[in-house]
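Structure at a glance
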Amino acid sequence: MSTSTKTSSTPIPKPSVTPASSTTKRKDVVFTNKERLNQTQLKNVTDGEAEFESELLTLYKEDLESSIIKLEKALLTQNTKDSIHYSHDIKGSSGNIGADYIREIARTMEETCKLGRLDEAVLYLEQLKEEAKQIYSIIDSHLNK
């Protein structure tokens, strides 16, 4: 039996910070709010149950905020183990709810940390924070429907 690893079709460009907006341009890739939160993935995970979806998104927001703070501390103190751990957590929880672009940034950070290049990984931190602001806003709008 052969197993394959799913790779993303969305390339992560070199770190850059762009203004927060409903559409973010990065090189030749454009991300809209709809693409930032994959509704199909979210519905699959929650079986379309609105109450569970609200709880999951609320917990995700809280967890993401906390994990970003911990990841930043780990990177700035050059703690490879914790940097890998928190970037992995962000990747997993983001993929679970369909926050695909945050998942890809976290994946790139995790891989960079595994290579011991924490100075490079920290360059993605601002991009991660900017995307987190976008997803917080999208989640808030989603919760207030």
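Higher on the page you've got the structure.
All values derive from a computational prediction rather than experimental measurement.

The next thing to look at is the environment of Ile-69. Along the polypeptide, Ile-69 turns up in helix H3 (residues 50–76). It is 9.7 Å that separates the C-alpha atoms of Ile-69 and Lys-129, two residues lying 60 residues apart in sequence.

Between its first and last C-alpha, helix H5 (residues 100–114) extends 21 Å over 15 residues, near the 21 Å set by a 1.5 Å rise per residue. Residues of H5 that are buried: Tyr-101, Ile-102, Glu-104, Ile-105, Ala-106, Thr-108, Met-109, Glu-110, Thr-112 and Cys-113. Gly-116 sits one or two residues past H5 and shows a positive phi near 80°.

Its location among the elements puts Asp-100 in helix H5. Considering only alpha carbons, one finds Asp-100 and Gln-41, 59 residues apart in sequence, at a separation of 9.5 Å. Within the structure, Asp-100 has its side chain in polar contact with the side chain of Arg-103 (distance 3.0 Å).

Here we take up unusual backbone geometry. Look at Asp-47: it is not a glycine, yet its phi comes out positive at around 55°. Summarising the element assignment, Asp-47 is placed in the loop between helix H2 (39–46) and H3. Judged by relative accessible area, Asp-47 falls into the exposed class, the value being 63%. Phi is positive for Gln-78, close to 60°, though the residue is something other than glycine. For Gln-78, the position within the fold is in the loop between H3 and helix H4 (80–97). Residue classification places Gln-78 among the partly exposed residues on the basis of a relative accessible area of 43%.

Now for the packing of H4 against H5. Where H4 contacts H5, the two axes come as close as 8 Å, and the packing angle between them is 155°. As far as their axial angle goes, H5 and H4 are roughly antiparallel. As for how H4 packs across H5, the hand of that crossing is left-handed. Facing Thr-80, Ser-83, Ile-84, Ser-87, His-88, Ile-90, Lys-91, Ser-94 and Gly-95 of H4, the residues of H5 in contact are Ile-102, Arg-103, Ala-106, Arg-107, Met-109, Glu-110, Cys-113 and Lys-114. Broken down by class, the residue content of the contact of H4 with H5 amounts to 6 nonpolar, 6 polar and 5 charged.

Rules of the game
- Residues numbered from 1 in each chain as written.
- Predicted model: local features only at pLDDT ≥ 70, side-chain atom pairs only at ≥ 80, totals over all residues.
- Heavy atoms only, no water.
- Helix = DSSP H or I, 4+ residues; strand = E, 2+ residues; numbered from the N terminus.
- Expected span 1.5 Å × (residues − 1).
- Buried < 20%, exposed > 50% of the residue type's maximum accessible area, 1.4 Å probe, protein only.
- Polar contact = N/O pair within 3.5 Å; in protein donor to acceptor, adjacent residues only side chain to side chain.
- Axes fitted to C-alpha atoms, helices over the stretch in contact; angles between N-to-C directions.
- Parallel < 35°, antiparallel > 145°, perpendicular 65-115°, else oblique.
- Left-handed = near helix turned anticlockwise from the far one by under 90°.
- Contact = heavy atoms within 4.5 Å.
- Nonpolar A, V, L, I, M, F, W, Y, C, P; charged D, E, K, R; others polar.

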